[in-house]
Structure formats: structure tokens, C-alpha cells
Amino acid sequence: MASPTTHRPKPGGSFTRFTPSPPQQTTTSSGGVKLGPNASAFISSGIPDLDKILGGGFMVGSLVMVMEDSEAPHHLLLLRNFMSQGLLHRHHLLFAGPTRDPRSFLGTLPSPSSSSSSSVEDAGRRASSSPDQDEKGLRIAWQYRKYFGEKQSYESHHGKDIKQDFCSEFDLRKPLERHLLSGQSIDCLSLQDSPNLADLHDRCSTFLSGFPRTDAVGGDVGRIAIQSLCAPQCGYFNMEWDMLSFIRSLRGMLRSSNAVAVITFPSSILSPSVSKRWQHLADTLLSVRAVPDEDKDLTQLLTDYQDMIGLLRVHKVAQINTQVPVILEAMTYSLKLRRRRFLVLERLNQAPVDATGGGPYTSSGGCSGSSKSSPLDF
């Protein structure tokens, strides 16, 4: 059926046919970047639950810092998912670690799950299925089917994907495939036995100069991942003010670039005053902590305690171009492994109080506080 047309009168009194103009193409962001409020943009952290908690992910142009736990390397889970998500979206990556061969760390990056990698293929398969097959999953009125077909043909004509995952699920037991590492722009730097931070500062400055921040979000995106910045095996371990100056300079360079930096550091080996300064410079501040194997108090207080591998606490959320504070539903979340493969975050749930346990909340017989039973007691 032909598209509806209307007639507009000319100044002379005659009429002319008016056809609706095609929809204008709005400015779209690059792959793996999601636009947000207040002219902000987000990239995924690699953990779907963490993106929801932070309101969209890591804000472009911000500095994310993660306080490590000396008893468990849970911070590596966040760092690896962050790096793997960037490689899936073809983002440029700069990794610095306190090891002799930092490139070997790339072999520990997790691979996306099969369900995440095949989501685009499944969507395309559903789009090309017959109408009879569509009716089995979803019944659509026959007069509206043509509009879905026109939309799909319009998207395929303009080269748009039917579905593109902003954040993928990663299988921690499966390493990232080699073809995802080959041909990528990956730069690695060793921090071990480094006498100062001059080399790291120069590499970060050169890396960020290739991603200038523009008004319209687009182009290449950069990700910087620094593991254990103040590790004891680094030569600049005792240079507290030099490390503080480097963090301040990196934060300034990120503001004018289309990139995000994630730094993990063991706060327990820093002095309390220096640790507070580091935390103050972070735009987004997170901390991870291991869960003791046998803690009777936590076992009685929290549900699903046996399934937890750690705790994640959100201390600060990035606020750029706005003065409105971010109010979170909760500050502390449990780290769990779903099917022992996928990292998930859940809110802490208090275990129900057992009325037969004789706890402090069950000393009274009812709401009135009397020990005698009555029809109103519960």
C-alpha cells in the first residue's frame, strides 16, 4: 500500500503533493559506547550487574580505582572482564602490570559465553524466519507485520546490526580466543623494577593523545588497565608523592580524552593518609574483600552465604557535568559465580530470624511484649 500523502496549499491558491521526508540519521556513538545524561558517555565494565549498579557503566573520561584485598585476588576478576569487553568492541588497550612479561596476562582474559556471542546470529535468524514460525513465539496482528519488515529492511540497508550487546557475559573457565587478540591495538608495559613513573606517564600520555574528546561521541575508544600500581616489586614503591602526582596527572589527561582508566592498588600497604588521597582522586571508587570460609555470624546473618566468593563495595560513583548526587540502592554487594563460570553481583539479603532459636528478637511472645500468648500474637 502506498504511503499516505497530504496536500499543502501554495501561496497562489493551488495545491501540491507533500511526501514525508525520510527519517534523519542522528549522531550515533561508536561501538561499545552508550550515551547518557548531561552529555556523558559510558563504556561497559564487562560485568552486566556492575553496569546497572553504576547507572550505565564506566563514564568516559573518568578514573576508576579498585582497592585490592591482600587475601584474595578478586580485583583481577574486574580487571580481566574490563579488558576483555574492550577487546570485543575493538577498543585500544594499554595494560601495565608488576610482572616481567605483562603480555602473558592477556592469556588469562575470559572469553564471552556462547549465548552472548551468538545473540546477533539468533536475532538475524528470528528476523529471517517465516511468519508461521513467528506466530509460535509471538502472535502479531497481520496488518502490523509489514511495518516490522520495513524496519528490518531499513536497518539492513543502512548497515545496522539488529542487536548489539553493550556488555557481554564472560566465561571465567574459558580463555579468550587468539583471533580476538591478533590484529588488536594492545600495548603492554612492565612495572617491575621500574625506577620511576616517567616511562608509565609518557606511555599513558602518548596513548591518550590518540583519543581526543569531541562534542560528538564517536571514533576510537581507549582503555587503560593498571594492575597493583603501588606493588612492592616496583622500584618506585617508596615514592608516595610521585605516585600521587602521577594519578593526578592521569586524571587530568582523561578529562579531555575518549578513554577510561582502571587502576587497582593494595591499600593495606599504603599509609592511611596517602590511601585517603588516592581514594579522593578517584572518580569511581570500588573495593573488593574476601569472605572468610567459616564465619558463623555472617552465616546466620546473610542468606546464600556459602555461594559467595567475596564482597564488592561501591564507595563513590563518577559525577561529571552534574552536581546531582548518585543515590544507590545499596553500597555492598556479594560476588558470586553462577554455574561456577559467570561473575554476578547481588544485593545482600538478611536471613530470616528463627523464632525457635531464642534470639534477641524473639524474647517476647508478641507485638505487645508480653510473654503470654493471645489471639493477636504472631
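One can find the structure itself at the top, above this paragraph.
Conventions used here
Residues numbered from 1 in each chain as written. Predicted model: local features only at pLDDT ≥ 70, side-chain atom pairs only at ≥ 80, totals over all residues. Heavy atoms only, no water. Salt bridge = Lys/Arg side-chain N within 4 Å of Asp/Glu carboxyl O. Helix = DSSP H or I, 4+ residues; strand = E, 2+ residues; numbered from the N terminus. Buried < 20%, exposed > 50% of the residue type's maximum accessible area, 1.4 Å probe, protein only. Pairing = 2+ DSSP bridges.

## Structural notes on the pattern of salt bridges
Counted according to the given criterion, the structure contains 8 salt bridges. A salt bridge links Arg 338 to Glu 169, with the shortest nitrogen-to-oxygen separation between them at 2.5 Å. Placement of the pair is Arg 338 in strand S15 (residues 332-338) and Glu 169 in the loop between helix H6 (145-157) and strand S9 (170-175), with a sequence separation of 169 residues. The exposure class assigned to Arg 338 is partly exposed, which follows from its relative accessible area of 33%. Judged by relative accessible area, Glu 169 falls into the partly exposed class, the value being 26%. Residues Arg 255 and Asp 283 are paired through a salt bridge, measuring 2.7 Å at the closest nitrogen-oxygen approach. Here the residue Arg 255 occupies a position in helix H9 (residues 240-255), and Asp 283 occupies one in the loop between helix H10 (272-281) and strand S13 (284-290), the gap between them amounting to 28 residues.

## Quick look at the pairing of strand S6 (residues 63-67)
With 5 of its 5 residues buried, S6 lies for the most part within the structure. Taking every second residue as pointing to the same face, both faces of S6 are buried, with Leu 63, Met 65 and Met 67 on one and Val 64 and Val 66 on the other. Two elements, S6 and S13, share 4 bridges in a ladder whose sense is parallel. Across the sheet, the residue bridging to Val 66 is Leu 286, located in S13.

## Things to note about unusual backbone geometry
At Ser 228, a position not held by glycine, the phi torsion is positive, near 50°. Secondary-structure assignment places Ser 228 in the loop between strand S11 (222-226) and H9. The phi dihedral of Asn 321 falls on the positive side, at around 65°, and the residue is not glycine. For Asn 321, the position within the fold is in the loop between strand S14 (308-316) and S15. With relative accessibility at 57%, the residue Asn 321 sits in the exposed group.

## Comments concerning the sheet that holds strand S5 (residues 58-59)
Ordered by their spatial adjacency, 3 strands build an open sheet running S3-S4-S5, and the pairing between neighbours is antiparallel. Both outer strands of the open sheet, strand S3 (33-36) and S5, are each paired with one neighbouring strand and no more. Pairing of strand S4 (residues 40-43) with S5, which is carried by 2 bridges, proceeds in the antiparallel orientation. Within the sheet, the bridge partner assigned to Ile 43 lies in S5 and is Phe 58.

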